Amino acid sequence: MYNDKLLSKTQEFPCIKDMFGINTPCVIAGPCAFENYEQADMIAQNLVRNRINLMRGGLFKPRTSQYNFQGLGHDGLEIINCIRKKYGLRIVTEILDVRDVEIGLTHSDVIQIGSRNMFNTPLLKEVGRTQHPVLLKRGMMATLTEFMFAVEYIINEGNKNIIMCERGVRTFENSVRNLIDISSIAIIKQETSLPVIVDLSHSLGNRKDILQPIAKAMVALGVDGLMVEVHNNPKEALSDSEQQLSLKEFDIFLSSTEKLLNIT
Ligand code: PEP
Ligand code: MN
């Protein structure tokens, strides 16, 4: 069992508002991967127009196949530097390797640890030794207890700036990419004071048609934020092309959920 003293309600964890001054439920949006400056800039403009403050986007992509686009890596750092400077957007980006934590500290506002790395304890400990906000995704095959253990690896080193991210788990059900475990979200909300967000894109996959009702259900459940992938030209995207929302789809999504979300 995870240590209920480390994670219990009596422990104060900074909420998203404390970390960034952003009211919740917030929206984190952006491409699956940064591909070039023009793409990043076009998406950033749309986020700013929609008063979204947190932009996601990967440079180091954890791809299942080595033959797929691996992200721009170090070559893309200048893109996020420019976007941060030009728009004041806060950047959420994934770090895969413990040797790149320093890069995450310098070039991001939030370090994402992805599903495939939830069990990477050296990486968890390394980000735990910083005070940088960490968005930790649940492993696709991880139980809730294992997810909590991963969180403990980070806080035990001293970093409490953690956002837990449910992105769906693998099950026999294949109508969506990954099944959102709503009970776990309710348990986390009940037993801890950690902020929890839901990654709608990696859970629903190409079922963009049910994004709105699921988003509403998540807000009703009390989540602190929603993550969605947005691309200026999803059809031509170098990764996750089927699940990324076009700018127009993103606008529609926001207008349909606006009243439920706290877009500041
Ligand atoms: C991502 O958010 O870019 C990603 C790869 O997601 P996950 O780690 O949840 O698969
Ligand atoms: Mn993706």
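Located above this text is the structure these notes cover.
As the structure is a computational prediction, the values presented were derived from the model and not from experiment.

(A) Up close: the environment of Arg90. Considering the arrangement of structural elements, one finds Arg90 in strand E3 (residues 90–94). Arg90 sits in the partly exposed class, given a relative accessible area of 26%. Sequence separation between Arg90 and Ile28 is 62 residues, and the spatial gap between their C-alpha atoms is 9.5 Å. In this structure Arg90 touches Phe20, Ile22, Asn53, Leu54, Met55 and Asp109, once residues within four positions along its chain are discounted. Within the structure, the side chain of Arg90 is placed 3.3 Å from the backbone oxygen of Phe20, a separation counted as a polar contact.

(B) Broad picture of the site of ligand 1. Taken together, Arg56, Lys61, Pro62, Glu94, Gln112, Gly114, Ser115, Arg116, Lys137, Arg167 and His202 make up all the residues around ligand 1. The separation between an oxygen atom of ligand 1 and a polar side-chain atom of Arg167 is 2.6 Å. For ligand 1, the protein covers 96% of the area, taking 300 Å² as the surface of the free molecule. Classifying every residue of the shell around ligand 1 gives 1 nonpolar, 4 polar and 6 charged.

(C) Representation of helix H11 (residues 247–257) in the model. Those residues of H11 lying buried are Leu247, Phe250, Phe253, Leu254 and Thr257. All buried residues of H11 fall inside an arc of 120° around its axis, so they share one side. H11 presents Lys248 and Ser255 as exposed residues on the side facing more than 90 degrees away from its buried surface. Of the surrounding secondary structure, the elements contacted by the buried residues of H11 are strand E1 (26–30), helix H3 (37–49), helix H9 (200–204), helix H10 (211–221) and strand E8 (225–229).

(D) Representation of the nonpolar core. Formed by 65 residues in total, the largest nonpolar core has its most connected members in Met55, Leu136, Leu200, Leu226, Val228, Phe250 and Phe253. No other element matches the 7 residues that helix H7 (residues 144–156) contributes to this core. Apart from residues lying up to four places away in sequence, Phe250 is in contact with Val27, Ala29, Asn46, Leu47, Asn50, Ile52, Val228, Val230 and Leu245.

(E) Quick look at the coordination of the manganese ion (ligand 2). Around the manganese ion (ligand 2), the donor atoms from the protein are Cys32 (SG), His202 (NE2), Glu229 (OE) and Asp240 (OD), and they sit 2.0 to 2.4 Å away. When the donors of the manganese ion (ligand 2) are listed by position in the chain, the intervening gaps give C-x169-H-x26-E-x10-D. With Cys32 in the loop between E1 and H3 and His202 in helix H9, this pair connects stretches of sequence that are 170 residues apart. Given the relative accessible area of 9%, His202 is considered buried.

(F) Summary view of the pattern of salt bridges. Counted according to the given criterion, the structure contains 15 salt bridges. The residue Glu157 makes a salt bridge to Arg129 at a minimum N-O spacing of 3.4 Å. Remark: Arg129 occurs in the loop between helix H6 (121–128) and strand E5 (134–137) and Glu157 occurs in the loop between H7 and strand E6 (162–166); sequence separation between them is 28 residues. A relative accessible area of 31% places Glu157 in the partly exposed class. Residue Glu166 pairs with Arg138 through a salt bridge whose shortest N-O separation is 3.0 Å. Of this pair, Glu166 sits in strand E6 while Arg138 sits in the loop between E5 and H7; the two residues are 28 residues apart in sequence, bridging distant segments of the chain. Overall, the relative accessible area of 2% leaves Glu166 in the buried class. For Arg138, a relative accessible area of 4% puts it in the buried group. Ionic contacts of the salt-bridge type, sharing partners, join the residues Glu126, Arg129 and Glu157 into one network.

(G) Main features of the pairing of E6. Most of E6 sits inside the fold, with 5 of its 5 residues counted as buried. Burial along E6 is two-sided: the face carrying Ile162, Met164 and Glu166 and the face carrying Ile163 and Cys165 are both buried. Here E5 runs beside E6; their pairing, made up of 4 bridges, is parallel. Of the residues in E6, the one forming a bridge with Lys137 is Cys165. Taking the sense of rotation as the criterion, the β-α-β connection linking E5, H7 and E6 turns out right-handed. Pairing of E6 with strand E7 (residues 196–199), which is carried by 3 bridges, proceeds in the parallel orientation. Paired with Cys165 across the strands is Ile197, a residue of E7.

Calculation rules
Residues numbered from 1 in each chain as written. Chains lettered and ligands numbered in written order. Predicted model: local features only at pLDDT ≥ 70, side-chain atom pairs only at ≥ 80, totals over all residues. Heavy atoms only, no water. Helix = DSSP H or I, 4+ residues; strand = E, 2+ residues; numbered from the N terminus. Buried < 20%, exposed > 50% of the residue type's maximum accessible area, 1.4 Å probe, protein only. Contact = heavy atoms within 4.5 Å. Polar contact = N/O pair within 3.5 Å; in protein donor to acceptor, adjacent residues only side chain to side chain. Near = heavy atom within 4 Å. Areas by Shrake-Rupley, 256 points an atom, 1.4 Å probe, with all protein chains shown as cover. Nonpolar A, V, L, I, M, F, W, Y, C, P; charged D, E, K, R; others polar. Arc of directions from axis to C-beta. Core = buried A, V, L, I, M, F, W, Y, C linked by side-chain atoms within 4.5 Å. Donors = N, O, S within 2.8 Å, 3.2 Å for Na, K, Ca; no water. Salt bridge = Lys/Arg side-chain N within 4 Å of Asp/Glu carboxyl O. Pairing = 2+ DSSP bridges. Right-handed = clockwise from strand over helix to strand, strands pointing away.

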